[in-house]
Amino acid sequence: MKLSEFIVLDVAEKKRAVMNNAVALATRTSPGQIIFLFQIEGYYVEAYCNEVDKSVEEYCVLPDTNAIAHYLDFIRIDDLLN
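K.L.:
Help me get a handle on the pairing of strand β2 (residues 33-40), residues and values and all.
P.N.:
Of all eight residues making up β2, six are buried, and the element is well covered by its neighbours. The pairing of strand β1 (residues 23-30) with β2 spans seven bridges and is antiparallel. Counted as the bridge partner of Thr 29 is Ile 34 from β2. Counting the residues between successive antiparallel strands, the hairpin from β1 to β2 contains two residues, one of them, Gly 32, with a positive phi of roughly 80°.

Here's what the structure looks like:
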């Protein structure tokens, strides 16, 4: 799925696209939220989930690879190197 296609989807369609097409890379937390990082083809998407009820509140497309810098320590690449 191209980035331009993902951007125009509604929240339910974005959820379906992430569940069917994305690779989960990492998670981080923020007060009241768990944030999951996914990769779909050549772009990255964050899913902001409510920490209490685990519902997705928002999907955010990251503008470039610099935006994932705070995840780099959490992304396991061991399996890719062996």
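K.L.:
Give a detailed account of the pattern of salt bridges, specifying residues and quantitative values.
P.N.:
Using the criterion set out here, one finds one salt bridge in the structure. In this structure, the salt-bridge partner of Arg 28 is Glu 46, at a minimum N-O distance of 3.0 Å. Of this pair, Arg 28 sits in strand β1 while Glu 46 sits in strand β3 (residues 43-50); the two residues are 18 residues apart in sequence, bridging distant segments of the chain. A residue is classified by how much of its surface remains accessible, and Arg 28, at 24% relative accessible area, is partly exposed.

K.L.:
So, a nonpolar patch on the surface: which residues are in play, and what are the values?
P.N.:
A contiguous nonpolar surface patch, about 280 Å² in accessible area, is contributed by Leu 3, Ile 7 and Val 8. Its place among the elements puts Val 8 in the loop between α1 (3-7) and α2 (11-21). Residue Val 8 is classed as exposed on the basis of its relative accessible area of 68%.

K.L.:
Describe α2, with residues and values.
P.N.:
Taken as a whole, α2 has its buried residues at Lys 14, Ala 17 and Val 18. Each buried residue of α2 lies within a common arc of 95° when the element is viewed along its axis, so the set occupies one face. When the buried face of α2 is taken as reference, the exposed residues oriented beyond 90 degrees from it are Met 19 and Asn 20. Looking at the buried residues of α2, the elements they touch are α1, β2, β3 and β4 (56-61).

K.L.:
Hey, could you go over the sheet that holds β1 for me, with residue numbers and the actual values?
P.N.:
Two orientations exist for strands paired in a sheet by backbone hydrogen bonds: parallel and antiparallel. Reading across from one edge, β1-β2-β3-β4 is the order of the four strands in this open sheet, with antiparallel pairing throughout. The open sheet terminates on both sides in strands that have one partner only, identified here as β1 and β4. Ignoring strand direction, the axes of neighbouring strands in this sheet form an average angle of 20°. Along the sheet, α2 contacts β1, β2, β3 and β4; its crossing angle with β2, the most-contacted strand, is approximately 65°.

Cut-offs applied
Residues numbered from 1 in each chain as written. Predicted model: local features only at pLDDT ≥ 70, side-chain atom pairs only at ≥ 80, totals over all residues. Heavy atoms only, no water. Buried < 20%, exposed > 50% of the residue type's maximum accessible area, 1.4 Å probe, protein only. Helix = DSSP H or I, 4+ residues; strand = E, 2+ residues; numbered from the N terminus. Pairing = 2+ DSSP bridges. Salt bridge = Lys/Arg side-chain N within 4 Å of Asp/Glu carboxyl O. Patch = residues over 30% accessible without salt bridge, like charges linked within 9 Å, V, L, I, M, F, W, Y side chains within 5 Å. Areas by Shrake-Rupley, 256 points an atom, 1.4 Å probe, with all protein chains shown as cover. Arc of directions from axis to C-beta. Contact = heavy atoms within 4.5 Å. Axes fitted to C-alpha atoms, helices over the stretch in contact; angles between N-to-C directions.

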